[in-house]
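Structural characterization, general
Now for the letters of each chain:
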Amino acid sequence: MSEPKIAFFDVENAPSLGWFYDKYKENNIVAVEQPWFMLSFSWKRPKEKKIFCHALPDYPGYSKDKTNDKRLIQDLWALFNEHDVLVGHNIQRFDTRKANSRFLNWGLKPPSPYIILDSLKEIRKISYEDSNRLGALSVKWGFGDKLPTQGWDTWHGCINGRDADWAVMKKYNKIDTLRAEEIWSRIAPWKKNHPRMFDAGCPVCGSLDVHRRGQVRQTLKYQFNCQPCGHWWTAKP
């Protein structure tokens, strides 16, 4: 069995542009002038320092149409298609669905099947935190905060093609991907039935420093415990 290809990733998108009468009332958007589009995505391989980032200004034709994300989305589709496991924070509810929306928009076929490992989903199962947000967990666990931005001004600057804001956005996107990897490294050993990431040893970290603890009652399986990361799993010896 070959080891799966794993990618940590994060996407950033522009909001939709619409018209409204009263921002304090629900269902008040009377028209959408410009639907949302993707601004950038970043990704990295496990335990590698290099973080890749793809953004709209990287592609030909950006100066003529700053909302056309076709080539960006084709590269995002390739990322999904080439990896067996996608990992990130809130990617099951947000990032992968946003990506799918743009895949459908540009008439792309479904990418090859992949496993989603979502740290937001897992932390809600195993712990009760004051906040499950990526930045809050990163600060609490000593990894560092998300990159500060100018908030909406940064997104607005990117939408309008300002180079300085794009530089911030790309760095922000990369830092989010790094934080996602750090958060997952803390949570992964706690995940029950974690997919096997390595051919031998611990399914989570690949260590061969594994102890067999005892047989599971009325089965041929045993409990195993990884000494470096602490993960527990059951398997036949």
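The rules we used
- Residues numbered from 1 in each chain as written.
- Predicted model: local features only at pLDDT ≥ 70, side-chain atom pairs only at ≥ 80, totals over all residues.
- Heavy atoms only, no water.
- Helix = DSSP H or I, 4+ residues; strand = E, 2+ residues; numbered from the N terminus.
- Salt bridge = Lys/Arg side-chain N within 4 Å of Asp/Glu carboxyl O.
- Buried < 20%, exposed > 50% of the residue type's maximum accessible area, 1.4 Å probe, protein only.
- Pairing = 2+ DSSP bridges.
- Right-handed = clockwise from strand over helix to strand, strands pointing away.
- Contact = heavy atoms within 4.5 Å.

Unlike most non-glycine residues, K47 shows phi in positive territory, near 65 degrees. Along the polypeptide, K47 turns up in the loop between β4 (38-44) and β5 (51-55).

Considering all chains together, one arrives at 10 salt bridges under this definition. A salt bridge links K140 to E129, with the shortest nitrogen-to-oxygen separation between them at 2.4 Å. Here K140, found in helix α4 (residues 134-140), pairs with E129, found in the loop between α3 (119-126) and α4; they are 11 residues apart in sequence, far enough to count as distant. Salt-bridge contacts for R179 lead to E182; the nearest nitrogen and oxygen are separated by 2.9 Å. Taken together, the residues R179 and E182, both in helix α6 (residues 163-187) and three residues apart, mark about one turn of the helix. E182 carries the same exposure label as R179, and that label is buried. Linked through salt bridges whose partners overlap, the residues forming this network are E122, K125 and K191.

To continue, consider the pairing of strand β7 (residues 115-118). Walk down a regular strand and you will see the side chains alternate between the two sheet faces. When strand β6 (residues 85-88) meets β7, the two strands line up parallel, connected through four bridges. Residue pairing in the sheet places V87 in a bridge with L117 of β7. In this region the chain leaves β6, passes through helix α2 (residues 91-105) and returns to the parallel neighbour β7; the handedness of that crossover is right-handed.

Next up on the list: the side chain of T96. Here T96 lies in helix α2. Residues in contact with T96, not counting those within four places in the same chain, are F9, F80, I91, Y114 and I116.

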